[in-house]
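# Chain and residue survey
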Amino acid sequence: MPPLTEAAFGDFYRRDARAVWTYVYRATGNAADADDIVQEAFVRMLRADVGAFGEEDLRRYVFRVAGNLMADRWRRSRRERPSIVHEAAAASSRTDVSEALDVTRTFAALKPRERALLWLAYVEEDTHEEIADALGVKRGSVKVLLSRARARLRDLLNLPVRAPLRRPGGAR
Amino acid sequence: MTNWFSRDVTLEEERAIVAFMARLATMPAPDTSMLSGHNHIWWKAQLLRRWDEQRRAARPLAAMEPVQLVAGLTAAALVLLWALPSLTAALAQVVASVRPLA
């Protein structure tokens, strides 16, 4: 198999790293964790024999590794809550800040796996098979897990959750 | 486009979920990311690959170490067994030559 060249990897990374990062960030709610996980996912991709993979296969591979790494972290620490303070800094106006915090608080109230499931289903528009692959769960379980996640989000949208703000120092 | 409609949420609720997720997807992510450049990741992966290859190459040597030890000890035991009659005879000769002097 011909190895992936540095130039080809550079193009792939520039094009897809941000999408992977946003997925991991939305699922973990922590920018520092997202940085670590995305870097590790790309390093693992390069260490594997992926020379014959097409662009879409590489993308799926990185999402899968990132999903597995997130699952490992969730197993280690079930108490983590996402930091939402940076959302305010990213918004441009006061209305945007308020809306961004509402949206982020609502999403943060879901469990990490539910966030990842919903992101893959609605934003990445993955199939059940792809979601199962990305999160390391059985294909038959995806439909049930996704159904629960959607029901939880529906409930949260009817009754917005007010999570306490974290101090900026506690964000990393 | 994937169709995620199912019986547990109404069409209206599904629309609200889709709109919510679309809003979340378009929200600017915080600019606090310290994501490494592709060069850093590329070279880190190359170093780790090289290390993997070295470990793979050295694996048979490491696996043979206990075999070497067992083979050495067995050979030493066999030599000792083979030489034991001669050693006993030599020792008896030495003892016999020392006794008249005493």
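Remember, predicted model here, so these are calculated numbers, not experimental data.

What counts and how
Residues numbered from 1 in each chain as written. Chains lettered and ligands numbered in written order. Predicted model: local features only at pLDDT ≥ 70, side-chain atom pairs only at ≥ 80, totals over all residues. Heavy atoms only, no water. Helix = DSSP H or I, 4+ residues; strand = E, 2+ residues; numbered from the N terminus. Areas by Shrake-Rupley, 256 points an atom, 1.4 Å probe, with all protein chains shown as cover. Buried < 20%, exposed > 50% of the residue type's maximum accessible area, 1.4 Å probe, protein only. Contact = heavy atoms within 4.5 Å. Buried area = accessible area lost by both parts, 1.4 Å probe. Salt bridge = Lys/Arg side-chain N within 4 Å of Asp/Glu carboxyl O. Nonpolar A, V, L, I, M, F, W, Y, C, P; charged D, E, K, R; others polar. Phe/Tyr/Trp six-rings, centres within 6.5 Å; stacked < 30°, edge-to-face > 60°. Lys NZ or Arg CZ within 6 Å of the ring centre and 35° of its normal. Patch = residues over 30% accessible without salt bridge, like charges linked within 9 Å, V, L, I, M, F, W, Y side chains within 5 Å. pLDDT = per-residue confidence, 0-100. Axes fitted to C-alpha atoms, helices over the stretch in contact; angles between N-to-C directions. Parallel < 35°, antiparallel > 145°, perpendicular 65-115°, else oblique. Left-handed = near helix turned anticlockwise from the far one by under 90°.

In this section: the overall build of chain B. When helices and strands are counted, chain B shows two helices and zero strands. Counting only carbon and sulfur atoms, one obtains 68% of the accessible surface of chain B, whose full area is about 8,000 Å².

What follows concerns the overall build of chain A. Summing up its helical and strand segments, chain A has eight helices and zero strands in all. Each helix (α) and strand (β) of chain A, taken in turn from the N terminus, gives the series α-α-α-α-α-α-α-α. Here chain A holds 172 residues, and the buried ones make up 52% of them. Sequence-distant contacts in chain A: of pairs separated by 6 or more residues, those separated by 24 or more amount to 69%. Of the roughly 8,400 Å² of accessible surface on chain A, 49% is carried by carbon and sulfur atoms.

A few words on the interface of chain B and chain A. Taken residue by residue, the interface counts 38 residues in chain B and 51 residues in chain A. Around 4,100 Å² of area is buried between chain B and chain A when both sides are counted, 64% of it from carbon and sulfur atoms. Linking chain B with chain A are three salt bridges, by the criterion used here. Counting residues per element, the side of chain B that touches chain A draws most heavily on helix α2 (residues 38–101) of chain B, which supplies eleven residues. When its residues are assigned to classes, the side of chain B that touches chain A shows 22 nonpolar, nine polar and seven charged.

A separate point is the environment of A:Val137. Assignment of secondary structure puts A:Val137 in the loop between α7 (128–135) and α8 (139–158). Separated by 69 residues in the primary sequence, A:Val137 and A:Asn68 have C-alpha atoms spaced 9.7 Å apart.

A ring pair, where both rings are aromatic, is described by two values, the distance of the centres and the angle of the planes. Within this structure, the stated rule accounts for nine aromatic pairs over all chains. With 4.8 Å between their ring centres and 75 degrees between their planes, A:Tyr13 and A:Phe42 make a pair best called edge-to-face. With A:Tyr13 in helix α1 (residues 6–28) and A:Phe42 in helix α2 (residues 31–47), this pair connects stretches of sequence that are 29 residues apart. In this arrangement the basic side chain of A:Arg60 is found over the ring face of A:Phe63, its NZ or CZ atom lying 5.9 Å from the centre. Across the ring face of B:Trp51, the terminal group of B:Arg55 is positioned such that the distance to the ring centre comes to 4.5 Å.

On to a nonpolar patch on the surface, then. Together, B:Leu78, B:Leu80, B:Leu81, B:Leu84 and B:Leu87 make up a nonpolar patch on the protein surface, roughly 520 Å² of accessible area in all. Position of B:Leu87 among the secondary structure elements: in helix α2.

Residue and element names in this part refer to chain A. Counting across every chain of the model gives 18 salt bridges over all chains. A salt bridge links Glu114 to Arg152, with the shortest nitrogen-to-oxygen separation between them at 3.2 Å. Taken together, the residues span a long stretch of sequence, with Glu114 in helix α6 (residues 112–123) and Arg152 in helix α8 at a distance of 38 residues. With a relative accessible area of 9%, Glu114 lands in the buried category. Each member of the salt-bridge network shares a partner with another, and the members are Arg15, Asp16, Glu55, Arg59 and Glu124.

With that settled, consider the side chain of B:His38. Take B:His38: it is sitting in helix α2. Residues within four places of B:His38 in sequence aside, it is in contact with A:Glu6, A:Phe9, A:Gly10, A:Tyr13 and A:Arg14.

Let's shift gears to unusual backbone geometry. Residues and elements named next belong to chain A. The backbone of Glu125 sits at a positive phi, close to 55 degrees, despite the residue not being glycine. Inspection of the secondary structure assignment puts Glu125 in the loop between α6 and α7. Take Glu125: its relative accessible area is 35%, and that puts it in the partly exposed class.

Residues of chain B with pLDDT of at least 70 account for 87%, and the chain-wide mean is 85. For this predicted complex, the interface confidence reaches an ipTM of 0.72, while the overall pTM sits at 0.69.

Attention now goes to the packing of helix α3 (residues 55–76) of chain A against α6(A). Residue and element names in this part refer to chain A. At a closest axis distance of 10 Å, the pairing of α3 and α6 adopts a crossing angle of 165 degrees. It follows that α3 is roughly antiparallel to α6 by the angle criterion. Where α3 crosses over α6, the handedness of that crossing is right-handed. On the side of α3, the interface is formed by Phe63, Ala71 and Trp74, while α6 contributes Pro112, Arg113, Ala116 and Leu120.

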